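This is what each chain is made of:
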Amino acid sequence: MLTRSTSILGAALFAALLPLKANAALFADDEARRAILDLRVKLETKADKASVLELANQYEVLKQEVARLRGQVELLSNELAKAQHRQKDFYVELDERLRKLEPRSKVIDGKEVSVEPGEQQAYEAAMARFKEGAYQKAGWSFSSFLNRYPDSAYAASAHYWLGNAFFAQRDCHKASKAHTVVVDSYADTPHAPDAMLNIATCHIQLKDKSSAKKTLENLVERYPETEAAKTASERLAAMK
């Protein structure tokens, strides 16, 4: 009887505990799922933070690279501006040099002619030496000029002042020769009458009165309206 009662009590107790075990199992599963979800959230949050941090780092790297590239662009822009400025200055200077090398229009002995810059500079340099009283150097300069520019519009003047440079050095032979070139080759220039007067003066210096008189008479005949012809007439009157 006792054994039967015990069996009945055991069965009843097992029946009572069975729902508790089932509930405990359900409770453990929920906790596990919740733990897994929490872990997943934490991992996703951590991954998101890592991604954000990586993106932030990449942004900073790109930002620095952009700043570096902007610096290079600014530097290159400045270099380009300087190069363009230098190129502009070069072309301006080149244009000025070319203009200086271009022939210029000038009026010489009443005629409009074309003169090269170097030609004018060489002639003016010789004249400057003559005006300074450096007659020997002036003679060299005029001779050099005529050798270099034999067909120059300044040729008549160069021969005339070359003769004056020789005359200033008391070299009447060379002076007469230079002035004769003026009279024979450039008879229509304003220097021709004065050149004839100088030739006559050289003849007088050389004690050649006959040649001097003949030259003075030719001067009066060829250039009667000039100051040189007036002076020649006065000298002819004094020679009688």
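Above this text sits the structure in question.
To start, this report covers the structure provided alongside it.

1. Here's the deal with helix α6 (residues 191-205)
So, point 1. Between the first and last C-alpha of α6 there are 21 Å, a value that for 15 residues agrees with the 21 Å anticipated at 1.5 Å per step.
So, point 2. Extensive coverage of α6 is indicated by the burial of twelve of its 15 residues.
So, point 3. Burial in α6 covers these residues: H191, A192, P193, A195, M196, L197, N198, I199, A200, T201, C202 and H203.
So, point 4. Where the residues of α6 are buried, they touch α4 (155-168), α5 (172-185), α7 (209-222) and α8 (227-239).
So, point 5. Just downstream of α6 lies K207, where phi reads positive at about 65 degrees.

2. Description of α4
So, point 1. End to end, α4 covers 20 Å across 14 residues, agreeing with the expected 20 Å (1.5 Å per residue, within 8%).
So, point 2. Those residues of α4 not exposed but buried are A155, A156, S157, A158, H159, Y160, L162, G163, N164, A165 and F166.
So, point 3. Buried residues in α4 make contact with α2 (117-131), α3 (135-148), α5 and α6.
So, point 4. Immediately downstream of α4, the backbone of R170 shows phi near 65 degrees, a positive value.

3. Digging into the pattern of salt bridges
So, point 1. For the coordinates displayed, the defined rule picks out one salt bridge.
So, point 2. A salt bridge links R68 to E65, with the nearest nitrogen and oxygen atoms 2.3 Å apart. Of this pair, R68 and E65 both sit in helix α1 (residues 2-101), three residues apart, which is roughly one turn of that helix.
So, point 3. With a relative accessible area of 41%, R68 lands in the partly exposed category.
So, point 4. The class of E65 is partly exposed, set by a relative accessible area of 33%.

4. What to know about the nonpolar core
So, point 1. Ranked by internal contacts, the top residues of the largest apolar core, which has 21 residues, are Y123, F142, F145, L146, Y154, A158 and L162.
So, point 2. Within the residue set of this core, elements represented by two or more residues are α2, α3, α4 and α5.
So, point 3. No other element matches α4, which puts five residues into this core.
So, point 4. Core analysis: the second largest hydrophobic core is formed by 16 residues, A195, L197, I199 and A232 among them.

5. Let's talk about the side chain of T201
So, point 1. With respect to the element layout, T201 can be found in helix α6.
So, point 2. Taking the relative accessible area as the measure of exposure, T201 reaches 15% and is therefore buried.
So, point 3. Sequence-distant contacts of T201, that is, excluding residues within four places in its chain, are made with F167 and R235.

6. Some points on the packing of α4 against α5
So, point 1. Look at α4 against α5: their axes get within 7 Å of each other, and the N-to-C directions meet at 165 degrees. Considering their axes alone, α4 and α5 lie roughly antiparallel with respect to each other. Both α4 and α5 take part in a crossing whose hand is left-handed. Here A156, H159, Y160, L162, G163, N164, F166 and F167 of α4 come into contact with α5, specifically with C172, K174, A175, A178, H179, V181 and V182.
So, point 2. The residue makeup of the contact of α4 with α5, split by class, is ten nonpolar, four polar and one charged.

7. Some details on the packing of aromatic side chains
So, point 1. Taken as a whole, this structure holds eight aromatic pairs when the rule is applied.
So, point 2. Where F130 meets Y135, the ring centres are 5.2 Å apart and the plane angle is 70 degrees; that geometry is what we call edge-to-face.
So, point 3. Overall, the relative accessible area of 31% leaves Y135 in the partly exposed class.
So, point 4. Joined through ring pairs, the aromatic side chains of Y123, F142, F145, Y149 and Y154 make up one cluster.

What counts and how
Residues numbered from 1 in each chain as written. Predicted model: local features only at pLDDT ≥ 70, side-chain atom pairs only at ≥ 80, totals over all residues. Heavy atoms only, no water. Helix = DSSP H or I, 4+ residues; strand = E, 2+ residues; numbered from the N terminus. Expected span 1.5 Å × (residues − 1). Buried < 20%, exposed > 50% of the residue type's maximum accessible area, 1.4 Å probe, protein only. Contact = heavy atoms within 4.5 Å. Salt bridge = Lys/Arg side-chain N within 4 Å of Asp/Glu carboxyl O. Core = buried A, V, L, I, M, F, W, Y, C linked by side-chain atoms within 4.5 Å. Axes fitted to C-alpha atoms, helices over the stretch in contact; angles between N-to-C directions. Parallel < 35°, antiparallel > 145°, perpendicular 65-115°, else oblique. Left-handed = near helix turned anticlockwise from the far one by under 90°. Nonpolar A, V, L, I, M, F, W, Y, C, P; charged D, E, K, R; others polar. Phe/Tyr/Trp six-rings, centres within 6.5 Å; stacked < 30°, edge-to-face > 60°.

Bear in mind that shape data such as this cannot, by itself, settle questions of function.
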